[in-house]
Amino acid sequence: MGMKKHLSADGLHKIVRHSFYREKLPDYSGSNISWNDCMMSGLAVFGLKFPSLLQYNDARTEAVIKGNLKHLYGVQIAPSDTCMRERLDELTPNQFRRPFKKIFAHLQRSKLLERFKVFDEYYLLSIDGTGQFSSKKVHCENCGIKMHKNGEVTYYHQMLGGAIVHPDEKVVIPIAPEPIVKGDGDNKNDCERNASKRLLKDFRREHPHLKTIVIEDALAANYPHLSLLDELKLAYIIGVKPGDHKYLFDWIEHAKAEEYVYTREQTKHIFHCYHDVPLNDAHHDYLVNVMEYWEEKPGGKTQHFTWVTRFELSKENVFSLMRAARSRWKIENETFNTLKNQGYNFEHNYGHGKKNLCSNFTMLMTLAFLIDQAQWLACDLFKKVKEKYKRWSTLYERVRNFFTCVVWTNWEQFFRLLLDPEGQLPPNWYGMPITAKE
């Protein structure tokens, strides 16, 4: 199989199936439904953007759906929605990490990931947290708990997401997200800072030699976090704000700046650069470089940002560093907003479970998103299909319709007909749907 085949829908789903087969999973001898069938059926729910598990459950026994789950997802016996919830609840989120790493490795070997390089050698890793579930009634042992003044309780789940991004690329490459949940026996809520430690250590363990620049918001500009990035040999460009970093802003207010000014396409870009600035009073010996930036557009609209970094700042690199830093918003715009608003149903409760179900559904949803993004980057056929339907939600509404019409041999056949429905049609298209061979 050539590299392009690995990064087509057929190749990517094969990578995921093989990754799940290699996981050491609990014994479940009391059922004829394998772990792989449960995990791949879960992936199908999010890959096909089913709006609910009930819709999946109503469809899974139909001959056409059974055939497509078998041919396109490798599912031998599709579990009921109840069975899927019960089984996936028993797994840990870490047992869904392997396919993220494997797909990333194939993107590296294909050389397509080199499109994401900045400064000829680095990759940008944008990290941010987001809420995924909130309820006053439904909860599990891993829920965070918020106590209100009126005595009410809110249960919630959050996740820390990360993606490889580039200023000029619409595609993002998500890494395995990190759930922000209480662990076994913990009484205190987990927090984004602890989740960030886990995410970064896992990322560096899985990609030990990848030259990476971490881009984050001002909450990350604290000494413990920056020293961890140094320890993991991860470069950074991280936002700072006057309200959270008063000492640093007081310091640069009385320091002499190196000023660089550019005008491009009627927009004025002003940079003030400072070297060897103490991060704060408590860690006066931890020195950073500060880049203050103003964007002035015609009509008087001005934006102002400030970042800290360990990169040396110069006339030659400040514009590129600024563009890299502003790519941080792609984790919100191209990742979280797509998951929430483009048919992935990120904030919909597919089932909460008693242990890990909520987090594991998030892992599967993000994995489905990675498969879509990898195809959009690497597969010419999928690019044409995406261009035709434009919005993810429109595309996958048509995908679900085609999925229920006829049993497909493979994803390539599926997408070719999706691209040209009046082209060469499979047998029985105008007659009865093909009955799946058991």
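## Here's the deal with unusual backbone geometry
The phi torsion of most residues other than glycine is negative, and most of the peptide bonds are trans. The backbone of Asp120 shows a phi angle near 70 degrees, a positive value even though the residue is not glycine. If you trace the backbone, Asp120 turns up in the loop between β1 (117–118) and β2 (122–135). Unusually for a residue other than glycine, Asp276 sits at a positive phi of about 55 degrees. Checked against the element boundaries, Asp276 lands in strand β10 (residues 267–278). Asp276 gets classed as partly exposed once you look at its relative accessible area, which sits at 48%.

## Describing the state of the cysteines
If you walk through the whole model with that rule in mind, you get zero disulfides. Sulfur of Cys143: no disulfide; nearest cysteine sulfur belongs to Cys140 and is 3.9 Å away. Under the relative-accessibility criterion, Cys143 is labelled buried at 1%.

## Description of the packing of aromatic side chains
What the rule picks out here adds up to 27 aromatic pairs. When the centroid spacing of 5.5 Å and the interplanar angle of 85 degrees are considered together, the rings of Tyr73 and Trp411 count as edge-to-face. Placement of Tyr73 in helix α5 (residues 63–73) and of Trp411 in helix α16 (residues 411–419) is noted, with a sequence separation of 338 residues between them. By relative accessible area, Trp411 is classed as buried at 4%. Through successive ring pairs, a cluster of aromatic residues spans Tyr73, Trp376, Phe382, Trp392, Tyr396, Phe402, Trp408, Trp411, Phe414 and Phe415. Between the NZ or CZ atom of Lys49 and the centre of the ring of Tyr396, over which it lies, the distance is 3.5 Å. The ring of Phe319 carries the charged tip of Arg264 above its face, separated from the ring centre by 3.9 Å.

## Some remarks on the side chain of Thr130
Tracing the chain through its elements places Thr130 in strand β2. When its relative accessible area of 9% is taken as the criterion, Thr130 is described as buried. Discounting chain neighbours no more than four positions away, the residues touching Thr130 are Gln158, Met159, Phe336, Lys340 and Phe346.

## Remarks on the confidence of the model for the chain
Chain-level pLDDT for the chain is 89 on average; 93% of the residues reach the 70-or-more range. Put simply, helix α1 (residues 3–6) is where the chain has its lowest mean pLDDT, 69, and strand β8 (residues 235–239) is where it has its highest, 98.

## Brief notes about the pattern of salt bridges
Within the structure shown, the criterion is met by 20 salt bridges. When the shortest N-O distance is used, the salt bridge between Glu178 and Arg198 registers 2.7 Å. Taken together, the residues Glu178 in strand β6 (residues 178–180) and Arg198 in helix α8 (residues 192–206) connect sequence positions 20 residues apart. A relative accessible area of 8% places Glu178 in the buried class. Put simply, Glu206 and Arg205 hold a salt bridge, and the shortest N to O gap is 3.6 Å. Residues joined in a network through salt bridges with shared partners are Arg97, Asp202, Arg205 and Glu206.

So, how was this worked out
- Residues numbered from 1 in each chain as written.
- Predicted model: local features only at pLDDT ≥ 70, side-chain atom pairs only at ≥ 80, totals over all residues.
- Heavy atoms only, no water.
- Helix = DSSP H or I, 4+ residues; strand = E, 2+ residues; numbered from the N terminus.
- Buried < 20%, exposed > 50% of the residue type's maximum accessible area, 1.4 Å probe, protein only.
- Disulfide = S-S within 2.5 Å.
- Phe/Tyr/Trp six-rings, centres within 6.5 Å; stacked < 30°, edge-to-face > 60°.
- Lys NZ or Arg CZ within 6 Å of the ring centre and 35° of its normal.
- Contact = heavy atoms within 4.5 Å.
- pLDDT = per-residue confidence, 0-100.
- Salt bridge = Lys/Arg side-chain N within 4 Å of Asp/Glu carboxyl O.

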